[in-house]
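# Chains, contacts and geometry: an overview
Given next are the chains, with one letter for each unit.
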Amino acid sequence: MATETTTPPTLKLEGRPPVPAATARRNGRWSGYRHLLWARILELKREPEVVFWVFIFPLLLAAGLGIAFRNKPADITSVVVIAGDGAQRTLAMLQNSAEKSSSDKSSANKNSTVRATVLDREAALKAFHFGKFDLAIESNPDGSYTYYYDPARPESVLSRAEIDAALQSAAGRKDALPTSTQSSSEPGSRYIDFLIPGLLGMNLMNSGMWGVGFALVEMRQRKLLKRFIATPMRRSDFLLALTSSRLVLMVIEVGLLLSFGVLVFHMPVQGSILSVVLLGSLGAVTFGGVGLLTACRAQKIETVSGLINLVMMPMWIFSGVFFSYQRFPAITHPFIKALPLTALNDALRATILEGATLSSQSGRLLVLAVWGGVSFILALRWFRWT
Amino acid sequence: MGPTTQTTIECANLRKTYDGKVEAVRGLSLQIEAGECFGLLGPNGAGKTTTIEILEGLLAPTSGEVRIFGHAWNDNQRQLREWIGISLQETRLSEKLTVRETIELFASFYSEPRPAADILEELQLTEKSDAWVGKLSGGQKQRLAVATALVGNPRILFLDEPTTGLDPQSRRQLWDIVRAFQKKGGTVLLTTHYMDEAERLCDRLAIVDHGQIIAEGTPSDLIDRLGGHHVVEFEVTNNASGNSNGQGTDLWRALPSVESVRNEEGTICLNVREPHLTIPALLEAVNRQGRQLEHLSTRQASLEDVFVKLTGRHLREN
């Protein structure tokens, strides 16, 4: 009864039922992988939220922060002079000192201006405490001055030094040592230059964790994973497609953000583009792996959202996205450097800003590879398909 | 080659215990022949889905054996998967892919799939081939789910509650699809809690309750076992002496041609071989007692009656 002429090579069946219909083609080994990858990319493309969070949001963030911290605009020192007998004299001295320095040949203080306001004692101190002024100045009846400043606020410390110098020089102090200064706000050393590689790293982490972790749990919740493993689909193909879809997105993410930095903020790229792309790929795959591990058991979207945030939170804070982790106590640095995002950010900064080669940063690459590799292995071991 | 019938799906003594406590399947054995449409009929929670998922190789039984074409799942999972098509009870396919993309995706997993265009045509989805899955109606989604099961050109089709929640027209369309597959030599195993579906679609079926098969056979066999192919249902007013329920059942059982009696909250249901013998006698008996007949109807006996007789419960009760 079986009209089959070909039997599958792996199995010998006594009397398979006839094939119901003519087949069109034979699929090759990678047909499933290619279709899974393509389907994933189509889905992402058709999801407006993804386009926004992955592509537009980082650009907005870079633009916003880049503008906010533009040129560290002229250190405007905002001080309050406490009303009293000496108040007018103090103002005059500050004025006098400012004129003198602006007529100087050296450009050191050119941008530096002092904006002084006179308020009565209570209002002045209150406004100072709320951070409206960097410094409060009170002239005492005996001709001396009292500065109110906050040693925890850098601008307050700066302001005290500056005002003191201004008042002393207005009072006739002569500099014992002739000095000159050279200003530097070249591209490459500004905040935006620090920021963009950090945003690149953060974006690779975000989209890796959400793109892989969230998508997986959603598919699990929809019973789509179960439906897939009910077919002859290779499970490794599925996980591979999910991860490599991250690589495709990575090229676009990195390209957009980097061109934005270069075109809008004239950020210099010292290292080779190839190194940046390789780093991006390693970062994307590493965080894809961490995302896979985070999502390997979770059954509900709510659970995985919490887990993803929990995993990412320390790295947002410690890994030097918006500010250098050097600000944390030195004793914590070894731990901070062991975080994958720290390694990625450091490597991106070194490559983009300093032109470092990849071979000179093998330690960072190793940190990334270990995180990615270990996550993948654990995820595969614990993975729940149903 | 062997005899004309051959076993495609076989299981013996299946047991499945969840978390060491809940016994979903309790010693279930089945043999399904090539070309058959076999149904597992039972109420929600009877263990149908657990059973079909064990047969599909998606769940491991706690004990017992499963063979598909004579092979255990552990032996050759990939090869077996090439030969079966599955529609799960609930799968929400990716909403942002089109119907065609979804079918092509599933086709790509099989070594020798059918052309997507043929499947679209056969399942009446051609018009919708470029629509996003999220925009389909319930019936279209269900047809797509079956399409993803058929695109691999399977020998066996597993359908878990294929028509639950569908409108009558969509249900009939799906039945046609199943029949067409069967006509080409395919074997079908489906679960349902609709007795009409089981009756019209299945060649043989097993009635499942509390994880066990309580009856098995062709639909007409099962109905035959009731004794009568007809059901006479009626209500009577109570006579002056009051309660009639207790002794009433015996009274109706004594009427000619009655095989069995049950009282459903005041409605008396008689399983009857020959209604034309029973009804005149029934009218006379009511009359003699000085009571009034409130409703009287006759209908063909159904699998529902079989289930009620076996379990004392209705299929749709929880």
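Residues numbered from 1 in each chain as written. Chains lettered and ligands numbered in written order. Predicted model: local features only at pLDDT ≥ 70, side-chain atom pairs only at ≥ 80, totals over all residues.

The next thing to look at is the overall build of chain A. Along chain A, the regular secondary structure elements total 13 helices and 4 strands. Residues counted as buried form 37% of the 386 residues belonging to chain A. Looking at chain A alone, contacts between residues at least 24 apart form 76% of all its contacts between residues at least 6 apart. (Helix = DSSP H or I, 4+ residues; strand = E, 2+ residues; numbered from the N terminus. Buried ≥ 20, exposed ≤ 12 C-beta atoms within 10 Å, placed from the backbone. Contact = placed C-beta atoms within 7 Å.)

Looking only at helices and strands, chain B features 11 helices and 13 strands. Across its three principal directions, the C-alpha atoms of chain B cover 75 × 45 × 45 Å. Within the span of chain B, comprising 318 residues, buried residues form 45% of the whole. Of all intrachain contacts in chain B linking residues separated by at least 6 positions in sequence, the fraction that spans at least 24 positions is 71%.

Residue and element names in this part refer to chain B. Relative to the helices and strands, Glu259 is located in strand 11 (residues 258-264). Along the chain, Glu259 and Gly35 lie 224 residues apart, while their C-alpha atoms are 35 Å from each other. Every residue in contact with Glu259, bar those within four places of it in the chain, is listed here: Leu226, Gly227, Gly228, Asn271, Val272 and Arg273.

Attention now goes to the pairing of strand 8 (residues 204-209) of chain B. Residues and elements named next belong to chain B. Of all the 6 residues making up strand 8, 5 are buried; the element is thus mostly covered by neighbouring parts of the structure. As judged from the 4 bridges shared by strand 3 (residues 37-41) and strand 8, these two strands associate in the parallel manner. Bridge assignment links Leu41 to a residue of strand 8, and that residue is Ile207. Of the strand pairs in this sheet, strand 8 and strand 9 (residues 212-217) are connected by 5 bridges, and their pairing is antiparallel. Pairing of Asp209 across the sheet is with Gln212, part of strand 9. Taken together, strand 8 and the strand that follows it, strand 9, pair antiparallel across an intervening segment of 2 residues, in which His210 is found at a positive phi of about 50°. (Pairing = 2+ DSSP bridges.)

The predicted coordinates ought not to be read in detail in places where the model reports low pLDDT. All names here are of chain A. With 87% of its residues at a pLDDT of 70 or more, chain A shows a mean pLDDT of 84. Note that residues 1-18 has pLDDT below 50 and, in this model, 34 contacts with residues that lie over four places away or in other chains. Contacts of residues 105-111 to residues separated by more than four positions or lying in other chains number 9 contacts, the stretch itself having pLDDT below 50. (pLDDT = per-residue confidence, 0-100.)

Now for the nonpolar core. By size, the foremost hydrophobic cluster in this structure holds 148 residues, and its most contacted members are Ile103(B), Ala147(B), Val188(B) and Leu189(B). The element contributing the most residues to this core is helix 6 (residues 191-221) of chain A, with 16 residues. The next biggest cluster of nonpolar side chains, apart from the first, holds 16 residues, and it includes Val81(A), Leu135(A), Ile137(A) and Ile163(A). (Core = buried A, V, L, I, M, F, W, Y, C linked by C-beta atoms within 7 Å.)

With that settled, consider the sheet that holds strand 10 (residues 230-236) of chain B. Residue and element names in this part refer to chain B. The strand order 11-12-10-13 describes an open sheet built from 4 strands, whose pairing is antiparallel. At either end of the open sheet lies a strand with only one pairing partner, and these are strand 11 and strand 13 (293-300). Direction aside, the axes of adjacent strands within the sheet are offset by 20° on average. Relative to strand 12 (residues 267-272), strand 10 runs antiparallel, the two sharing 5 bridges. Residue pairing across strands places His230 opposite Val272, the latter belonging to strand 12. Lying over the sheet, helix 10 (residues 275-288) contacts strand 10, strand 11, strand 12 and strand 13, oriented at roughly 10° with respect to strand 10. (Axes fitted to C-alpha atoms, helices over the stretch in contact; angles between N-to-C directions.)

We now examine helix 11 (residues 303-311) of chain B. Where helix 11 of chain B is concerned, the buried positions are Leu303(B), Asp305(B), Val306(B) and Phe307(B). Two residues or fewer past helix 11 of chain B, Gly312(B) is found with a positive phi of approximately 75°.

What follows concerns the packing of helix 2 (residues 48-68) of chain A against helix 8 (residues 235-265) of chain A. All names here are of chain A. Interaxial distance between helix 2 and helix 8 falls to 10 Å at its minimum, and their mutual angle equals 25°. Considered as vectors, helix 2 and helix 8 are oriented roughly parallel to each other. Crossing hand, helix 2 versus helix 8: right-handed. For the pair helix 2 and helix 8, the contacting residues are Val54, Phe55, Pro58, Leu59, Ala62 and Gly66 in the first and Leu249, Ile252, Glu253, Leu256, Leu257, Phe260, Gly261 and Phe265 in the second. Classifying every residue of the contact of helix 2 with helix 8 by side-chain character gives 11 nonpolar, 2 polar and 1 charged. (Parallel < 35°, antiparallel > 145°, perpendicular 65-115°, else oblique. Left-handed = near helix turned anticlockwise from the far one by under 90°. Nonpolar A, V, L, I, M, F, W, Y, C, P; charged D, E, K, R; others polar.)

What follows covers helix 1 (residues 48-55) of chain B. Residues and elements named next belong to chain B. Taken across its 8 residues, helix 1 has 7 buried, putting it largely inside the fold. Restricting attention to buried positions, one finds in helix 1 the residues Lys48, Thr50, Thr51, Ile52, Glu53, Ile54 and Leu55. Gly57 sits one or two residues past helix 1 and shows a positive phi near 75°.

Residues and elements named next belong to chain B. Pairing is antiparallel in the open sheet, where 3 strands are placed in the order 2-1-4. A single partner strand is all that each edge strand has here, and the edge strands are strand 2 (22-33) and strand 4 (63-68). Averaged over all neighbouring strand pairs, the angle between strand axes comes to 15°, with direction disregarded. Packing of helix 1 onto the sheet brings it into contact with strand 1 (7-18), strand 2 and strand 4, and relative to strand 1 it is tilted by some 125°.

Moving on to the domain arrangement of chain A. Domain parsing of chain A yields domain 1 (36-67 + 190-382) and domain 2 (76-170). On a C-alpha basis, the centres of domain 1 of chain A and domain 2 of chain A stand 47 Å from each other. (Domains from an automatic or database assignment.)

A few words on the pairing of strand 3 (residues 135-139) of chain A. Residues and elements named next belong to chain A. Of all 5 residues in strand 3, 5 are buried; the element is thus mostly enclosed. Because side chains alternate across strand 3, one face comprises the buried residues Leu135, Ile137 and Ser139, and the other comprises Ala136 and Glu138, equally buried. As paired strands, strand 1 (residues 76-82) and strand 3 are joined by 3 bridges and run parallel to one another. Looking across to strand 3, one finds that Val80 is bridged to Ala136. As paired strands, strand 3 and strand 4 (residues 145-148) are joined by 4 bridges and run antiparallel to one another. Among the inter-strand pairings, Ile137 is bridged to a residue of strand 4, identified as Tyr147.

Moving on: the environment of Gly208(A). Residues and elements named next belong to chain A. Its location among the elements puts Gly208 in helix 6. Of the residues examined, Gly208 has 27 C-beta atoms within 10 Å and is grouped as buried. If near-sequence neighbours (up to four positions away) are discounted, Gly208 is found in contact with Arg246, Ala284, Phe287, Gly288, Val290 and Gly291.

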